[in-house]
Amino acid sequence: MRLDKFLGSCGIGSRKQLKEYIKNGMVCVDGNVITKPEFSVDPTINEIIFSGESLTSDYKEFRYYLLNKPQGVVSATKDNHDKTVLDLIDIGFDNNLAPVGRLDKDTEGLLIITNDGKLAHRLLSPKKHVEKEYEVHTARVISDFDLKKLEEGVDIGDDEPTLPAKAFIEDVNGEAVLHLIIHEGRFHQVKRMLEAIGNEVTFLKRIRMGGLVLDPTLAPGEYRELTDEELDLLK
Ligand code: URA
């Protein structure tokens, strides 16, 4: 790819600034100062140094992170009022990262952050029916009848009722916690499903997306790169 395009993907500056940096001799490729923006580089082979700092020592075209999103942070790339999930990630030079879908500000749990737009698109496509599993704490006890209704589909005020889901109760230290597995991603879907059966979500946490399970060693706010095995599960 062109040198200026590579520098652009590293988030170093605007197109105009990059051209200036290159013309001013601030960029070296394999030890040689390069002053042509169109110079062709392969960041997986060439060592590209900007202002004395290597941009390629840990360069990977695509990055994949598993974040345990904490409450109080919004699933956006930018926000004028709130801290975003990207503020939690040390993104280095990479300015193309984005969360795969959204969790509400008060929802916790598994969120994938990546610059692989194709994977994000596949995971979010309604046609792919990727399962999302939530741990749901509720204001009132969930009955067997409630579980049946959640599984069959409920009217949450959209044109169509929710698609069939899976719902079961897990006993966590004496507390009955609802697990809800859905494969749609409608706005506030879990909260609206619980509302539709006359209940209320008091705490919501996503614990699985497709084959990827939230790493229990990650405290809220912590993240790590996905392993190759985890990536295979998603792909
Ligand atoms: N459903 C919700 O209501 N909120 C979320 O954050 C995710 C699913």
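See the structure above.
Being a predicted model, the structure only gives us computed values, none of them experimental. (Residues numbered from 1 in each chain as written. Predicted model: local features only at pLDDT ≥ 70, side-chain atom pairs only at ≥ 80, totals over all residues. Heavy atoms only, no water.)

Q: Please set out the sheet that holds strand 4 (residues 53–54) residue by residue, giving values where relevant.
A: Reading across from one edge, 2-1-3-4 is the order of the four strands in this open sheet, with antiparallel pairing throughout. Because the sheet does not close on itself, it has two edges, and the strands there are strand 2 (32–33) and strand 4. Across two bridges, the pairing between strand 1 (residues 27–29) and strand 2 is antiparallel. Note on strand 2: the bridge partner recorded for Cys28 is Val33. (Pairing = 2+ DSSP bridges. Helix = DSSP H or I, 4+ residues; strand = E, 2+ residues; numbered from the N terminus.)

Q: Give a detailed account of the pattern of salt bridges, specifying residues and quantitative values.
A: Pairing between side chains becomes possible if they bear opposite charge and their charged atoms approach one another. With the rule as written, the count across this model stands at 15 salt bridges. A salt bridge links Lys166 to Glu131; its shortest N-O distance comes to 3.1 Å. Note that Lys166 is positioned in strand 9 (residues 166–172) and Glu131 in the loop between helix 3 (117–124) and strand 8 (132–138), a separation of 35 residues in sequence. A residue is classified by how much of its surface remains accessible, and Lys166, at 44% relative accessible area, is partly exposed. Judged by relative accessible area, Glu131 falls into the partly exposed class, the value being 24%. Across the salt bridge formed by Arg224 and Glu230, the nearest N and O atoms sit 2.8 Å from each other. The exposure class of Arg224 is partly exposed, given its relative accessible area of 24%. On the basis of relative accessible area, Glu230 is assigned to the buried category, the value being 13%. (Salt bridge = Lys/Arg side-chain N within 4 Å of Asp/Glu carboxyl O. Buried < 20%, exposed > 50% of the residue type's maximum accessible area, 1.4 Å probe, protein only.)

Q: Which residues make up the site of the ligand, and what values go with them?
A: In the region of the ligand, the neighbouring residues are Leu103, Asp104, Thr107, Tyr134, His188, Gln189, Val190, Lys191 and Leu204. Within the side chain of Asp104, a nitrogen or oxygen atom sits 2.7 Å from a nitrogen atom of the ligand. In this structure, an oxygen atom belonging to the ligand sits 3.5 Å away from a main-chain N or O atom of Gln189. Considered on its own, the ligand offers 240 Å² of accessible surface; in the complex 94% of this is hidden by protein. Counting residues per element, the shell around the ligand draws most heavily on helix 5 (residues 189–196), at three residues. In the shell around the ligand, the residues fall into four nonpolar, three polar and two charged. Counting contributing residues, the shell around the ligand receives three or more from each of domain 2 (64–125 + 216–234) and domain 3 (131–209). (Near = heavy atom within 4 Å. Polar contact = N/O pair within 3.5 Å; in protein donor to acceptor, adjacent residues only side chain to side chain. Areas by Shrake-Rupley, 256 points an atom, 1.4 Å probe, with all protein chains shown as cover. Nonpolar A, V, L, I, M, F, W, Y, C, P; charged D, E, K, R; others polar. Domains from an automatic or database assignment.)

Q: Which residues make up the nonpolar core, and what values do they have?
A: In terms of nonpolar packing, the biggest core is built from 29 residues, with Ile113, Val136, Leu150, Leu178, Leu180, Val190 and Leu194 touching the most fellow members. Three or more residues apiece are contributed to this core by two domains, here domain 2 (64–125 + 216–234) and domain 3 (131–209). Core analysis: the second largest hydrophobic core is formed by 16 residues, Leu66, Leu214, Leu218 and Leu234 among them. (Core = buried A, V, L, I, M, F, W, Y, C linked by side-chain atoms within 4.5 Å.)

Q: Can you break down the packing of aromatic side chains residue by residue, with the values?
A: Scanning the entire structure with this criterion turns up three aromatic pairs. Consider the rings of Phe62 and Tyr64, whose centres lie 6.5 Å apart with planes at 50°: the pair is tilted. Using a relative accessible area of 35% as the deciding quantity, one classes Phe62 as partly exposed. Take Tyr64: its relative accessible area is 8%, and that puts it in the buried class. For the pair Tyr65 and Tyr223, a centre-to-centre distance of 5.6 Å together with 85° between the ring planes defines the contact as edge-to-face. Of the two residues, Tyr65 sits in strand 5 (residues 64–69) while Tyr223 sits in strand 13 (residues 223–225), which places them 158 residues apart along the sequence. (Phe/Tyr/Trp six-rings, centres within 6.5 Å; stacked < 30°, edge-to-face > 60°.)

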